[in-house]
Amino acid sequence: MIEETGRVETLGPLEVRRRVSHFPTQMSLKRSRQSLDDTLHRWLANPANVIPVHANGATSGRAGEPVWSRLEELVLETPAQMSLFNTTSRAGQLRREAVLHVLATGTHPVVSYERKLILELHMLRAACYIFVAALSAMRDSEIQEIQRGALTQYYGSPAIGSRKVKGDSSTPRKNWWIIEPVAQTLAVAERLSWHDTHLFTALGAGRVGIKAAADIDLFITQVNANRHITGLEEIPSGRVRPHMFRRTMSIIASQQPDGEIAVGIQLKHAARRALANRLSGHTARSTPSG
């Protein structure tokens, strides 16, 4: 689907209105002190947020009807517990009616949702993030600031342009050297992204940024669970976090001739020439945790 269209399949507002014409059009969510109501109100107020709906031929739910469990995950940014749209409570029913009203008006984009497809897209996004983190030595915040068209040339070599966030209130744009496979990975991430500007964003939402730790954990879990299909080696159990990729790359690079200088430049420590060797050496020092 991505290969043929450049984006994940979406339904146009007109098609959605046809499918949900039977939904109420004059519903509003009652004012409530509950934080769940407030959270849903804020989420629905952003027209960039995408509402997942059942696709044609779905095994459960009518075509065009919201996928409530997935919608709860997007709104609350947590695994679905069916606390937000619980049909056994009046509050849950009112929240559903509020969503149906927004859906019927066509103010929000929608996406045909299939759980297996979304999991595959989630895995692909996680793989892109991990590959970039492992081979660029960028910080998590810097990776999540990568935008469309970020590929550039830096002193004649391919590079990523992004913002150096840590310790800089002005957040200037910097360049990180990369190899060709990383450039290809960014091209995949750019086509996968749902956002108008940023590459690493929530699937089906207008929110910039991802929970990198959760993506890494998901990737490891799914790779190990499907080894009988892929033939890949098992990933050892243990805590893996974004900064560990940066440190590991630094250790490897520092072991090459003049590697410490290169590490200082790539980690953006070279701007402080007097401290570059000490800072880069600290980052590149091997530790028990990687």
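Provided above is the structure to which this section pertains.
Not measured: the values here are computed from a predicted model.

Conventions adopted
- Residues numbered from 1 in each chain as written.
- Predicted model: local features only at pLDDT ≥ 70, side-chain atom pairs only at ≥ 80, totals over all residues.
- Heavy atoms only, no water.
- Pairing = 2+ DSSP bridges.
- Helix = DSSP H or I, 4+ residues; strand = E, 2+ residues; numbered from the N terminus.
- Axes fitted to C-alpha atoms, helices over the stretch in contact; angles between N-to-C directions.
- Parallel < 35°, antiparallel > 145°, perpendicular 65-115°, else oblique.
- Contact = heavy atoms within 4.5 Å.
- Nonpolar A, V, L, I, M, F, W, Y, C, P; charged D, E, K, R; others polar.
- Core = buried A, V, L, I, M, F, W, Y, C linked by side-chain atoms within 4.5 Å.
- Buried < 20%, exposed > 50% of the residue type's maximum accessible area, 1.4 Å probe, protein only.
- Polar contact = N/O pair within 3.5 Å; in protein donor to acceptor, adjacent residues only side chain to side chain.
- Expected span 1.5 Å × (residues − 1).

Chemist: Teacher, can you tell me more about the pairing of strand S5 (residues 157–163) here?
Modeler: Each regular strand shows side chains that alternate between the opposite faces of the sheet. In the sheet, strand S4 (residues 151–154) pairs with S5 via four bridges, with the strands oriented antiparallel. The residue bridging Thr152 from the neighbouring strand is Ala159, located in S5. Between S4 and S5, which follow one another and run antiparallel, lie two residues, and Tyr155 among them has a positive phi close to 50°.

Chemist: When you look at the packing of helix H3 (residues 35–44) against helix H4 (residues 68–76) in this model, what are you seeing that I'm missing?
Modeler: Between two packed helices, the angle of one axis relative to the other and the distance separating the axes together describe the packing. Direction vectors running N to C along H3 and H4 enclose 90°, while the axes themselves pass 9 Å from each other. One way to sum up the angle between H3 and H4 is to call them roughly perpendicular. Contact with H3, carried on its side by Leu36, Thr39, Leu40 and Trp43, involves Leu71, Leu74, Val75 and Leu76 of H4 and no other residues of that element. Partitioned by chemical class, the residues of the contact of H3 with H4 number seven nonpolar, one polar and no charged.

Chemist: Explain the nonpolar core to me, please; I cannot follow it from the model alone.
Modeler: The tendency in soluble globular proteins is for nonpolar side chains to be buried as a group. Grouped together as the largest cluster of nonpolar side chains are 23 residues, with contacts concentrated most on Tyr129, Val132, Ile143, Ile146, Ile160 and Phe200. Elements with a contribution of two residues or more to this core: helix H6 (115–136), helix H8 (180–192) and helix H9 (212–225). Here this core takes five residues from H6, the largest share from any one element. With 17 residues, the next largest nonpolar core counts Trp43, Ile51, Leu84 and Phe85 among its residues.

Chemist: I keep staring at the side chain of His195 and nothing clicks. Help me out?
Modeler: Within the element layout of this structure, His195 appears in the loop between H8 and H9. Among the polar contacts made by the side chain of His195, one reaches the main-chain amide nitrogen of Thr197 at a distance of 3.0 Å.

Chemist: Looking at this structure, how should I read H9?
Modeler: Each α-helix winds once per 3.6 residues, and so residues spaced three or four apart point in a common direction. Under the 1.5 Å per step criterion, the end-to-end length of H9 is 20 Å for 14 residues, consistent within 8% with the ideal 20 Å. Within H9, burial applies to Ala212, Asp215, Ile216, Leu218, Ile220 and Val223.

Chemist: Got a minute to help me understand the sheet that holds S4 in this structure?
Modeler: Backbone hydrogen bonds are what pair the strands of a sheet, in a parallel or an antiparallel way. Spatially, the three strands line up as an open sheet ordered S4-S5-S6, and their pairing is antiparallel. If you trace the sheet from one side to the other, it starts and ends with S4 and strand S6 (173–177), each paired once. The sheet shows a mean angle of 50° between the axes of neighbouring strands, direction not considered.

Chemist: Mind showing me how you'd approach the pairing of strand S2 (residues 51–54) here?
Modeler: Burial along S2 is two-sided: the residues Ile51 and Val53 and Pro52 and His54 are all buried. Pairing between S2 and strand S3 (residues 110–113): four bridges, direction parallel. Each residue of the ladder has a partner; that of His54, found in S3, is Tyr113.

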